[in-house]
Amino acid sequence: VSETERLSYVGNNFSNKPTNSLCRYFVGVLDKDSGQMDVYNAEIFNVQPLLSGRKTVCLSPAPVTQGTWAASAQCLWGQDKGRWPQVGAQGVPPQSGVELLPGEERIQHCVLIYVPLAQMELCIEAFGTSKQKRALNSRRMNAVGSEILNTAVTKAAANIIDAKGVTALIQDAAQDDTQNISVFLPPCNEDADKPENVYKFEDILSPAEYEALRVPAAAFVNITAEEISKKVDDRSHCSFVLEELKFLPADERSRDRKARCLWFLDTLIKFSHLKVIKKKHPMGPDCPHVISRKLMKNFSSLTYNNGSIQNLVSASMKTKITAYVIALALHINNFQIDLTVLQNDMKLQESRMMDIAKAMRLKISKANGLPGLQNDQSHKLGTLSLPLPVQKVSDNQRKRKKMN
């Protein structure tokens, strides 16, 4: 028996293999000072690592018959039906590869040896190939990194709980939905004296942006009934815009203002349908540069993908676009809008649209559908009026509080 810092070894000086009795073995010890070597008789020992915790299991299969041979072979070896696998066992030598015929009972039993993972890692460290050693080092580094991360997360969570308390954390979790939506709403003036001052028009479109819309919106200013009908058939614009184009005011200044707002609202809705923005001007050459820059800066988020930075319209950005679309639609339609029409244009679920409208302090009521839409669809009207209604906890938050 021999021991090192990591493994213990056990060996013997006898073997079943035939040995050459004419050979003798010696060990030479060199004296560095005198330069002479002393020679001693030696014996050959076959030394192997001694693995503690090793378990041996013997499998003794039942007699194999014509009907059970395939299932027995698959159960024992998983593959190579009818052929003895290349592992040591009693009965048939592993090198023979003898074909077992149905009904034969040559297998007496099979010995399975289980070695603990720690012992196997020590063997790989001592005798493994370079590839095995690299894999072992990588596995150990990952284990250490995972342990450090878990410890840091546990410590940070404990610090937060100690600082805020469990009750405060539960209240924060119950308000997540409202906070997530409110971050993306236009600036709200709760002390406004008129509905048009709650969400100011200048916070939606700056004077420079409004001026830039004069050229592209000219097509809406001079549109005819035949052109509107053609656009309805082509579905080249959203339903809200197509319906409002039928009711442009006769006053030139008011007509121009509404046309600009409708053009920008239609562009916002089309922009919300994009996912990954690959073009520099995603809304085409007719979109003014200042408007294109506003869309990219305010209504898209940056992400890193495949070695490059990309703009995309995420779910949170779509929520922001929806809020600004509602605010602009309120200015267009005298602060009362059909939320169902906008919901269909934005391709949103009704619950999501209602959550955003309630967060914007709109009063929700039922209304009949507008022409051109499904008659059996119950429409929801959103009205912005003063005083603003008090925000209520949504059903999802109420359920969450009850569960807590």
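None of these values were measured; they are calculated from a predicted model.

1. Things to note about the packing of aromatic side chains
Evaluated as defined, the whole model comprises 2 aromatic pairs. Seen in terms of ring centroids, phenylalanine 201 and tyrosine 210 are 5.9 Å apart; in terms of plane orientation they differ by 80°. Their pairing is edge-to-face. For phenylalanine 201, a relative accessible area of 9% gives the class buried. Where phenylalanine 299 meets tyrosine 324, the ring centres are 5.4 Å apart and the plane angle is 80°; that geometry is what we call edge-to-face. In this pair, phenylalanine 299 sits in the loop between helix 12 (289–298) and strand 9 (301–305) while tyrosine 324 sits in helix 13 (residues 315–332), placing the two residues 25 residues apart along the sequence.

2. Details of helix 15 (residues 350–359)
Within helix 15, the full set of buried residues consists of Met353, Met354, Ile356, Ala357 and Ala359. Where helix 15 terminates, the next one or two residues include arginine 361, which has phi positive at roughly 70°.

3. Points about a nonpolar patch on the surface
Residues Phe26, Leu30, Met37 and Val39 make up a contiguous nonpolar surface patch of roughly 420 Å² in combined accessible area. Counting residues per element, the ones that place at least two in the nonpolar patch are strand 3 (25–30) and strand 4 (37–42). By the element assignment, phenylalanine 26 lies in strand 3. Phenylalanine 26 gets classed as partly exposed once you look at its relative accessible area, which sits at 46%.

4. Remarks on the nonpolar core
Ranked by internal contacts, the top residues of the largest apolar core, which has 63 residues, are Phe240, Leu265, Ile326 and Met360. With 11 residues, helix 13 is the single largest residue contributor to this core. Those residues within four positions of isoleucine 326 in sequence are excluded, and the remaining contacts are Ile337, Leu339, Leu342, Met353, Ile356, Met360 and Leu362.

5. Remarks on helix 12
Looking at helix 12, one finds that the buried residues are Ile291, Ser292, Lys294, Leu295 and Met296. Among the structural elements, helix 6 (201–204), helix 7 (207–212), helix 11 (252–272), strand 8 (276–277) and strand 10 (308–312) are those in contact with the buried residues of helix 12.

6. Details of the environment of isoleucine 309
Assignment of secondary structure puts isoleucine 309 in strand 10. With residues near it in sequence (within four places) discarded, isoleucine 309 still touches Leu302, Thr303 and Tyr304.

7. So, the sheet that holds strand 10
Strand order in the open sheet formed by 3 strands is 8-10-9, and the pairing between neighbours is antiparallel. The sheet is open, and its two borders are formed by strand 8 and strand 9, each paired with just one other strand. Bridge analysis of strand 9 against strand 10 gives 5 bridges, and the strand direction is antiparallel. Note that in strand 10 the partner of tyrosine 304 across the bridge is isoleucine 309.

8. Quick look at the pattern of salt bridges
All chains considered together, the criterion is met by 10 salt bridges. With a closest N to O distance of 3.6 Å, lysine 246 and glutamate 243 form a salt bridge. The exposure class assigned to lysine 246 is partly exposed, which follows from its relative accessible area of 45%. Of the residues examined, glutamate 243 reaches a relative accessible area of 15% and is grouped as buried. The residue lysine 258 makes a salt bridge to glutamate 244 at a minimum N-O spacing of 2.9 Å. Here the residue lysine 258 occupies a position in helix 11, and glutamate 244 occupies one in helix 10 (residues 239–245), the gap between them amounting to 14 residues.

Here is what the cut-offs are and how they apply
- Residues numbered from 1 in each chain as written.
- Predicted model: local features only at pLDDT ≥ 70, side-chain atom pairs only at ≥ 80, totals over all residues.
- Heavy atoms only, no water.
- Phe/Tyr/Trp six-rings, centres within 6.5 Å; stacked < 30°, edge-to-face > 60°.
- Buried < 20%, exposed > 50% of the residue type's maximum accessible area, 1.4 Å probe, protein only.
- Helix = DSSP H or I, 4+ residues; strand = E, 2+ residues; numbered from the N terminus.
- Patch = residues over 30% accessible without salt bridge, like charges linked within 9 Å, V, L, I, M, F, W, Y side chains within 5 Å.
- Areas by Shrake-Rupley, 256 points an atom, 1.4 Å probe, with all protein chains shown as cover.
- Salt bridge = Lys/Arg side-chain N within 4 Å of Asp/Glu carboxyl O.
- Core = buried A, V, L, I, M, F, W, Y, C linked by side-chain atoms within 4.5 Å.
- Contact = heavy atoms within 4.5 Å.
- Pairing = 2+ DSSP bridges.

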